Amino acid sequence: MAMTGVLRPGHMQLRVLDIEESVKFYKDVVGLVETGRDASGRVYFKAWDERDHNSLILREADRAGVDFFAFKVLDKATLEKLDADLQAYGLKTERIPAGDLLETGERVRFEIPTGHLIELYAEKTDVGNGLGYTNPNPWCAQSEHGIAPTRLDHCLLYGPDIDGALDIFTKVLGFYLVEHVLLEDGKTNLAIWLSCSHKAHDIAFVRHPEPGKLHHVSFLLETWEDVLRAADIMSMNKSSIDIGPTRHGITRGTTIYAFDNSGNRYEVFCGGYQPYPDSHPITWTWDEVGTGIFFHDRALNDRFLSVVT
Ligand SMILES: [Fe+2]
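Residues numbered from 1 in each chain as written. Predicted model: local features only at pLDDT ≥ 70, side-chain atom pairs only at ≥ 80, totals over all residues. Heavy atoms only, no water.

Peer 1: Let's hear about the sheet that holds strand 17 (residues 282–284): which residues, and what values?
Peer 2: Strand order in this open sheet of nine strands is 14-15-16-13-9-12-11-10-17, and the pairing throughout is mixed. Each edge of the sheet is formed by a strand with only one pairing partner; in this case those strands are strand 14 (241–247) and strand 17. In this sheet, adjacent strand axes meet at a mean angle of 15° when their direction is disregarded. As defined by bridge partners, strand 13 (residues 213–221) adjoins strand 16 (residues 265–270) across five bridges and the pair is classed as parallel. Bridge pairing links S218 to E267 in strand 16. The strands touched by helix 3 (residues 162–171) within the sheet are strand 9 (151–159), strand 10 (176–182), strand 11 (189–195) and strand 12 (203–207), with strand 11 carrying the most contacts at an inclination of about 20°. Contacting strand 13, strand 14, strand 15 (254–259) and strand 16, helix 4 (residues 224–236) runs over the sheet at an angle of about 20° to strand 15. (Pairing = 2+ DSSP bridges. Helix = DSSP H or I, 4+ residues; strand = E, 2+ residues; numbered from the N terminus. Axes fitted to C-alpha atoms, helices over the stretch in contact; angles between N-to-C directions. Contact = heavy atoms within 4.5 Å.)

If you want it as structure tokens, here you go:
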């Protein structure tokens, strides 16, 4: 696939209740790499195999949740074009100057009808993955510390108008619908999974009355053995597991949902099939929604639809 336009999820700013406790958690349990701190007290992380300076930014606040989720685009010309396209669509965009986030260029921010702030940017400093760009080793000490996912993979957001979000992501930003779950009426979307790439999803939404909510941020693991090891590490650190290890019917990925010490849900995710933009979307009906979300249990737990930050 020739990658143009929006490339991938780039960064998320996450609110946490106690910054130092959260830094310890994301560094030592999740196994992310701390890459910097800014004057406002935000702490920056990346997954070990990511090359750009940061993908998760923690901000201390009195309530948990997500401030914004961002996608990296191909280049500055693409950023200008997509900003113009968003405005032509009827959205108001805001420019956040380069340097507001460490080692990150200018960002284009806009609010989508689910109440979330989404950002696009073209530049973030390449700090490498610790392996070098010539004759690299396959892994390093950072890849063995904590759960150690390889990258920020996707997020699942909860908000009211997911059809409005679907319209913007597919008509303006070049995403395509990979899977969706229908409500009992057989036509209204309860949930949508969208890709801008070859991945089973880069972002997903669930219909929910409150705007701007986070269901989970997800990090990628490479093997099912890594997922089992992640569950061991969670339990060894008495970290709260929501469900898993198990498998999603939707995307076919293997998964654990767990909570950080502020109550934000995070996921470690492995696998999933590889769709293309011409792949026919997969539909899950209301009577099989439990199977779609948790393939082995074939039932939703109450927390899946009710616990968000
Ligand atoms: Fe997920």
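Peer 1: Can you break down helix 4 residue by residue, with the values?
Peer 2: Given 3.6 residues per turn, any residue in an α-helix points the same way as the ones three and four places further on. Between its first and last C-alpha, helix 4 extends 18 Å over 13 residues, near the 18 Å set by a 1.5 Å rise per residue. Looking at helix 4, one finds that the buried residues are V227, A230, A231, I233 and M234. The arc enclosing the buried residues of helix 4, seen along the axis, measures out at 160°, which places them on a common side. The exposed set on the far side of helix 4, more than 90 degrees from its buried face, consists of E225, S235 and M236. Contact partners of the buried residues in helix 4: helix 1 (19–29), strand 13, strand 14, strand 15 and strand 16. Directly after helix 4, the chain includes K238, whose backbone phi takes a positive value near 50°. (Expected span 1.5 Å × (residues − 1). Buried < 20%, exposed > 50% of the residue type's maximum accessible area, 1.4 Å probe, protein only. Arc of directions from axis to C-beta.)

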